[in-house]
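# Summary of the model geometry
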Amino acid sequence: MGNFVKTLSDRACVVASDTTWMEDAAIAQLVTTSQLEGMQRVAGMPDLHPGRGYPVGAAFFSVGRFYPALVGNDIGCGMALWQTDLQASAVRLDKLEKRVGNIDGPMDDAAARAHAMQAAGVLLNGHEASLGTIGGGNHFAEFQQVDTVFDADALSALGIDPKCLQLLVHSGSRGLGERILRLHVDAFGHHGLQAGTPEAVAYLAQHDGALRYARCNRHLVAHRLLGNVRAEGRCVLDVHHNFVAPAIIQGQDGWLHRKGATPSDAGAVLIPGSRGDHSYLVRPARLCNDTLLSLAHGAGRKWIRSACKDRLFKLMTPTQMGRTAMGSRVICNDRQLIYEEAPQAYKPIDSIVQTLVGAGLVELLARTKPVLTYKTRGECCE
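One structure accompanies this document, and this report is about it. Since the structure is predicted, the reported quantities are computational estimates derived from the model, not experimental observations. (Residues numbered from 1 in each chain as written. Predicted model: local features only at pLDDT ≥ 70, side-chain atom pairs only at ≥ 80, totals over all residues. Heavy atoms only, no water.)

## A few points about the overall build of the chain
Counting its regular elements, the chain contains 11 helices and 18 strands. For 382 residues, the compact-globule formula gives about 21 Å, and the C-alpha radius of gyration of the chain, at 20 Å, lands near that figure. With the C-alpha coordinates aligned to their principal axes, the bounding extent of the chain is approximately 55 × 45 × 45 Å. Expressed as a percentage of the 382 residues in the chain, the buried residues total 57%. Of the roughly 15700 Å² that the chain leaves accessible, carbon and sulfur atoms contribute 51%. The centroid of the 39 positive side-chain charges in the chain is displaced by 5 Å from the centroid of its 37 negative side-chain charges. (Helix = DSSP H or I, 4+ residues; strand = E, 2+ residues; numbered from the N terminus. Rg over C-alpha atoms; globule rule 2.2 N^0.38 Å. Buried < 20%, exposed > 50% of the residue type's maximum accessible area, 1.4 Å probe, protein only. Areas by Shrake-Rupley, 256 points an atom, 1.4 Å probe, with all protein chains shown as cover. Lys, Arg positive; Asp, Glu negative; His and termini not counted. Charge placed at Lys NZ, Arg CZ, Asp CG, Glu CD.)

Below, the structure is given as structure tokens:
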């Protein structure tokens, strides 16, 4: 691992190179979290950045007690990658942008939604109308094209065709996860739950339901977009990066929380850059307990949301922000959000991925570039 896994304290480490950009506030949050009752180890990823009380881009391992607040309100937020049959060489952006349409509102096909819920084990919960919608913040769906292949055999084994577009969906449990967290915090604050108690069992049941909802949501988003662009597709990977689960770390039974961290024990994963940067399909090179079996989940913010528009609106109009330096397009009719999610607000993805490579945690399979990113037509539902 060389010097890429840096010790911060006896319980905290961070995966970083000497040039990895990290805010002091994120490091401070990570170290503070390591001092929670029962916490054994915390590990920050290269995309670590400050969150609301707890850092984003990190994993946390505790014994005897787990912390729903570390998982946060978007339980099950994650990434699903679909292989489409759209020939990349035949795609015309004007036509693709028009056909993508609008998926901000509830699905028209209630039967398809009900079938997907049944198949995924999602129970009625009052948030059915949000299934098949992306949501706000950093969530998106993106048609991508493979532009560099590092391991052709591995791509073939995954069923990925470099000549066709891929569709990446990044979303989570929408308002359901928010409701679960609110109910928990109102009752228990941020003190966590003792494992095995009725309260802990009840939360985990809700949490697991939100995981199923989030996965179902990503599949319905893909279903809607593929239907709109008249394409077929097949899901090749789907991983959560906000959840808590039982785990054994260095012989100890406990609870592994991930807050914006991708599992390294779930096979190949895609680590996306911003809408104006590449993404990387990687394969875990080894399982590392020191870094809590986790990897980065994206580029990681370097600007807080409230600063983005002030920094950029005199330089670029919202219309100009809808075109990227890579030649791709962005559908985002929310004038505030298009600045908040600007490529400039994120770290370069190469710096994140090369740090993981340097630490011996991943092997590169392919690099993709954005073609069309969908965020909202301006009618994002909660």
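## Looking at the sheet that holds strand β11 (residues 242-249)
Strand order in this open sheet of six strands is β1-β2-β3-β4-β12-β11, and the pairing throughout is mixed. Of all the strands in the sheet, the pair left with one neighbour each is β1 (5-7) and β11. Direction aside, neighbouring strands of the sheet carry axes that sit 20 degrees apart on average. Pairing geometry for β11 and strand β12 (residues 252-259), over eight bridges, is antiparallel. Bridging across to β12, A245 finds its partner in L256. Its contacts with the sheet put helix α7 (residues 198-228) on β11 and β12, and the angle it makes with β11 is roughly 115 degrees. The strands touched by helix α11 (residues 349-358) within the sheet are β2 (12-15) and β3 (39-49), with β3 carrying the most contacts at an inclination of about 135 degrees. (Pairing = 2+ DSSP bridges. Axes fitted to C-alpha atoms, helices over the stretch in contact; angles between N-to-C directions. Contact = heavy atoms within 4.5 Å.)

## Side note on the side chain of T84
Position of T84 among the secondary structure elements: in strand β6 (residues 78-87). Given a relative accessible area of 4%, T84 falls into the buried group. At 3.1 Å, the side chain of T84 forms a polar contact with the backbone nitrogen of L86. Within the structure, the side chain of T84 is placed 2.7 Å from the backbone oxygen of L165, a separation counted as a polar contact. Those residues in contact with T84 that lie beyond four places of it in its chain are F143, C164, L165, Q166, L167, L226, E232 and G233. (Polar contact = N/O pair within 3.5 Å; in protein donor to acceptor, adjacent residues only side chain to side chain.)

## Overview of the packing of helix α4 (residues 110-120) against α7
Two elements in contact, α4 and α7, have axes separated by 10 Å at closest approach and are oriented at 140 degrees. Judged on the interaxial angle alone, α7 and α4 are oblique. Classified by chirality, the crossing of α7 by α4 is right-handed. Across the interface between the two elements, A112, R113, A116, M117 and A120 of α4 pack against R212, C216, L220 and H223 of α7. (Parallel < 35°, antiparallel > 145°, perpendicular 65-115°, else oblique. Left-handed = near helix turned anticlockwise from the far one by under 90°.)

## Considerations on empty space enclosed by the protein
Within the structure shown, the criterion is met by two cavities of 30 Å³ or more. Roughly 40 Å³ of volume is contained in the largest cavity. Together, L81, Q144, V146, L155, I160, Q166, L270, L281, A366 and T368 line the largest cavity. Listing elements by their share of the lining of the largest cavity, those giving two or more residues are β7 (140-149) and β18 (362-376). Size it by volume and the second largest cavity reaches roughly 30 Å³. At the level of secondary structure, the elements contributing two or more residues to the lining of the second largest cavity comprise β7 and β18. For the lining of the second largest cavity, the leading source of residues is β7, giving three residues. The class makeup of the residues in the lining of the second largest cavity is six nonpolar, no polar and one charged. (1 Å grid on protein atoms, 1.4 Å probe; cavity = no way out; pocket = protein on both sides within 12 Å on 5 of 7 lines; lining within 4 Å. Points joined across faces, edges and corners; volume = space filled by probe spheres on them. Nonpolar A, V, L, I, M, F, W, Y, C, P; charged D, E, K, R; others polar.)

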